[in-house]
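Survey of secondary and tertiary structure
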Amino acid sequence: MVNIGKIELPDFPLLLAPMEDVSDPPFRALCKEQGADVVFTEFISSEGLIRDAVKSTMKLDIYEKERPVGIQIFGANLDSMLQTVDIVEKSKPDIIDINFGCPVKKVVSKGAGAGILKDIDLMVSLTEEMVKRTHLPITVKTRLGWDDKSIRIVEVAERLQDVGCKAISIHGRTRAQMYKGNANWAPIAEVKNNPRMHIPVFGNGDITSPEKAMEMRDKFGLDGAMIGRATIGNPWFFKQVKHYFETGEHLTPITLQERVEAARRHLQMAIDWKGEILGVFETRRHYTNYFRGIPHFKEYRMKMVTSDDSASVFNAFDEVLDKFSNHQFE
Ligand SMILES: Cc1cc2nc3c(=O)[nH]c(=O)nc-3n(C[C@H](O)[C@H](O)[C@H](O)COP(=O)(O)O)c2cc1C
């Protein structure tokens, strides 16, 4: 069993990674149904929340069916982060996660996200004060270091644990790498092998197959896997990994019917959550992934991504079911 504070999780839990514009309530619900043990919101700006920016506030919406759920926040200013903890608490998440790993310039230039990897003392003190502020478990998601020359993740993880951080998820890349090259899991295993570590250490980066997840568990000995890109358009990834762990075999490919059903539910949940216009608009980005690999699909995709009303999109789903019923997915 793996624990994040008082939250009990199964052995080697699978976590849905926070992903901007992807891990919203409809997508999190689909992943949860398919076996995700913990889900996270996309990162939410502490400054945006304090200004009460509508877009940031909407990101706080969470639903009972997705628990345990973590709300992820980012920022570098202590006062703002503490105010943010107070705001986030009102949404009653199970976990508050701090993003100390986002590599994008507009975040890093303000000292937030991976920017804080240049100031480990600040990283630790922010975490400490946030832990003191709330009864909720505070967790951290970060990268190996700023660049190759500054990988001190073993020491960093230990210091975060010592100030009360309840779990750490580590993306096996440095900030300098952005998303390039391969994720390096060896330093994450070093964190786990530190005899002083007792909080869960979750590995992240490039888990693209059930075999990779197994390698992270058996070869690198980590406590769980946080999975991002492999789930986009494939919320079944969690089920595929768990099936492989249990049987050593791959699940049969996801059928067209299952894909259409997921796309339909995704759209319906999005409309229920944010209304017809935004629901139709913001679900568009997912269709390519749900239907990847179907030849001569363009006409149908265009209908899905250009229609302004949900009835036309639902209609396109029906047509796809009709037209491609013989397509074999890999
Ligand atoms: C579209 C996208 C959005 C992301 N947004 C966030 C985010 O909001 N917070 C965060 O901590 N990481 C974010 N990440 C990074 C992922 O959580 C994860 O660390 C990274 O993709 C590596 O894992 P993977 O190889 O399983 O995708 C994002 C990644 C992608 C691809």
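Look up a bit, the structure's there.
From a predicted model like this one, the values you see are computed outputs, not experimental measurements. Note on numbering: residues in each chain are counted from 1, in written sequence order. Whole-chain, interface and lining totals are the exception, using all residues; otherwise, since this is a predicted model, local features are given only for residues with pLDDT of at least 70 and side-chain atom pairs are given and counted only at 80 or more. Values shown for side chains rest on all heavy atoms present in the structure; no hydrogens or waters enter the calculation.

1. Notes on the nonpolar core
Most often, soluble globular proteins have nonpolar side chains that are buried together. If you look at the biggest cluster of nonpolar residues, it comprises 93 residues, and the most contacted ones within it are Phe291, Met304, Phe317 and Val320. Secondary structure counts use DSSP, requiring at least four H or I residues in a row for a helix and at least two E residues in a row for a strand, with both numbered from the N terminus. Tallying contributions element by element places helix 11 (residues 256–274) first for this core, with 7 residues. In this structure Phe291 touches Leu256, Arg259, Val260, Ala263, Phe297, Met304, Phe317 and Val320, once residues within four positions along its chain are discounted. What makes a nonpolar core is a set of buried Ala, Val, Leu, Ile, Met, Phe, Trp, Tyr and Cys residues whose side-chain atoms join them at distances within 4.5 Å. Each residue is assigned to one of three classes by its accessible area relative to the maximum for its type, calculated with a 1.4 Å probe on protein chains only: buried under 20%, partly exposed between the two thresholds, exposed over 50%. Val2, Leu9, Ala17 and Ile95 belong to the second-largest nonpolar core, a separate cluster that totals 12 residues. Any two residues whose heavy atoms approach within 4.5 Å are treated as being in contact.

2. Some words on the site of the ligand
Any residue with at least one heavy atom within 4 Å of a molecule or strand is counted as near it. Glu20, Gln72, Asn204, Asp206 and Arg229 are the nearest of the 17 residues found near the ligand. Polar contact is defined as a pair of N or O atoms within 3.5 Å, subject to the rule that within protein one atom must be able to donate a hydrogen and the other to accept it, and that residues adjacent in sequence are counted only when both atoms are side-chain atoms. In this structure, Asp206 approaches the ligand through a main-chain N or O atom, which is 2.7 Å from an oxygen atom. In the environment of the ligand, an oxygen atom lies 2.8 Å from a nitrogen or oxygen atom belonging to the backbone of Gly228. Surface burial for the ligand is 86%, taken as the share of its 610 Å² of free accessible area covered by protein chains. Tallied by class, residues from the shell around the ligand come to 6 nonpolar, 6 polar and 5 charged. Note on areas: these come from Shrake-Rupley sampling with a 1.4 Å probe, and a residue is covered only by the protein chains present in the view. Residues were grouped as follows: Ala, Val, Leu, Ile, Met, Phe, Trp, Tyr, Cys and Pro as nonpolar; Asp, Glu, Lys and Arg as charged; and all remaining residues, including Gly, as polar.

3. A few points about helix 1 (residues 25–33)
When you tally the buried positions in helix 1, you get 7 out of 9 residues, the bulk of the element. Every buried residue belonging to helix 1 is among Pro25, Pro26, Phe27, Arg28, Ala29, Leu30 and Cys31, and all of these are buried. For helix 1, the secondary structure elements touched by its buried residues are strand 3 (14–16), strand 4 (38–45), strand 5 (69–74), helix 10 (237–247), helix 11 and helix 12 (276–290). Directly after helix 1, the chain includes Gly35, whose backbone phi takes a positive value near 110°.

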